[in-house]
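Take a look at the letters that make up each chain.
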Amino acid sequence: MLGSVQNHRHDKTTVTIDELVPRDHFLRAVDALIDFSFIERITTLYYCADNGRPSIAPVTLFKMLFLKEADMAQDKGILPKQSVPIQS
């Protein structure tokens, strides 16, 4: 029997990071070993609490730089390549 075409464009799916990132991925080890909360303590003095636009969290900015460096290290062979790339 010939079925009709169904549009799934508006279907909603929930996916967690745990489902996407393999258990042995480099970033899981980084997350387990490094506590990035020190960055917020260091940078608090440089952010105004009551003036200006809301900022991107300093920890987020630092993690973005960390990912960039880790990706470059993989490209240079310093870190092993992952089956799931750090950045896509």
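Counting of residues starts from 1 at the beginning of each chain's written sequence and follows it residue by residue. With the structure being a predicted model, the display of local features is reserved for residues of pLDDT at least 70 and the display and counting of side-chain atom pairs for 80 or more, all residues being used for whole-chain, interface and lining totals. As a convention, hydrogens and water are excluded, and side-chain values are obtained from all of the structure's heavy atoms.

S.K.: It is not clear to me how the overall build of the protein chain should be interpreted in this structure. Could you clarify?
M.R.: Put simply, DSSP marks the helices as runs of H or I at least four residues long and the strands as runs of E at least two long, and each gets a number from the N terminus on. Helix and strand content of the protein chain: four helices and zero strands. Listing every helix and strand of the protein chain by position from the N terminus yields α-α-α-α. By definition, residues are in contact when any of their heavy atoms lie within 4.5 Å. When contacts within the protein chain are restricted to residue pairs at least 6 apart in sequence, those whose partners lie at least 24 apart make up 40%. Note that accessible areas follow from Shrake-Rupley with a 1.4 Å probe, and for residues the cover is restricted to the protein chains shown. Surface exposure of the protein chain reaches about 8,000 Å², of which carbon and sulfur atoms provide 58%.

S.K.: Mind showing me how you'd approach the packing of aromatic side chains here?
M.R.: Think of a pair of aromatic rings as described by two things: how far the centres are apart, and how the planes are tilted against each other in angle. Paired rings are identified among Phe, Tyr and Trp, the last through its six-membered ring, by centres lying within 6.5 Å, and are further divided according to the angle between planes into stacked (under 30 degrees), edge-to-face (over 60) and tilted (the rest). Summed over the entire model, instances satisfying the criterion amount to three aromatic pairs. Connected via pairs of aromatic rings, a cluster forms that spans Phe36, Phe38, Phe62 and Phe66.

S.K.: Whenever I open this one, the confidence of the model for the protein chain confuses me. Can you help?
M.R.: In low-pLDDT regions, the fine details of the predicted coordinates are not to be read closely. On average, residues of the protein chain score 81 in pLDDT, and 80% of them are at 70 or above. Think of pLDDT as the predictor's per-residue confidence, scored from 0 to 100. The weakest mean pLDDT in the protein chain belongs to helix H4 (residues 58–75) at 82; the strongest belongs to helix H3 (residues 37–43) at 92.

S.K.: Any chance you could explain a nonpolar patch on the surface here in plain terms?
M.R.: For patch building, the residue pool is restricted to those with more than 30% relative accessible area and no salt bridge; the joining distance is 9 Å between like charges and 5 Å between nonpolar side chains (Val, Leu, Ile, Met, Phe, Trp, Tyr). Here a salt bridge means any side-chain nitrogen of Lys or Arg lying within 4 Å of a carboxyl oxygen belonging to Asp or Glu. A cluster of nonpolar side chains, contributed by Leu45, Tyr46, Tyr47, Ile56, Leu61 and Met64, occupies part of the molecular surface with about 700 Å² of accessible area. Among the structural elements, Ile56 can be located in the loop between H3 and H4.

S.K.: I keep staring at the nonpolar core and nothing clicks. Help me out?
M.R.: One broad trend across soluble globular proteins is that nonpolar side chains are buried collectively. What we call a nonpolar core is a set of buried Ala, Val, Leu, Ile, Met, Phe, Trp, Tyr and Cys residues that are connected through their side-chain atoms within 4.5 Å. Note on exposure labels: buried denotes an accessible area under 20% of the residue type's maximum, exposed denotes more than 50%, and partly exposed covers the range between, all computed with a 1.4 Å probe on protein chains only. By size, the foremost hydrophobic cluster in this structure holds six residues: Phe26, Val30, Phe36, Ile39, Val59 and Ala70. Residue assignment for this core shows that the elements contributing at least two residues are helix H2 (26–33) and H4. Residues in contact with Phe36, not counting those within four places in the same chain, are Val30, Val59, Phe62 and Lys63.

S.K.: How should I be thinking about the pattern of salt bridges in this particular structure?
M.R.: Opposite charge on two side chains permits pairing when their charged atoms draw close. With the rule as written, the count across this model stands at one salt bridge. Across the pair Asp18 and Arg28 runs a salt bridge, and its minimum N-O distance is 3.2 Å. With Asp18 in helix H1 (residues 17–20) and Arg28 in helix H2, the pair connects residues that are ten residues apart, well separated along the chain. Note on Asp18: relative accessible area 47%, which makes it partly exposed.

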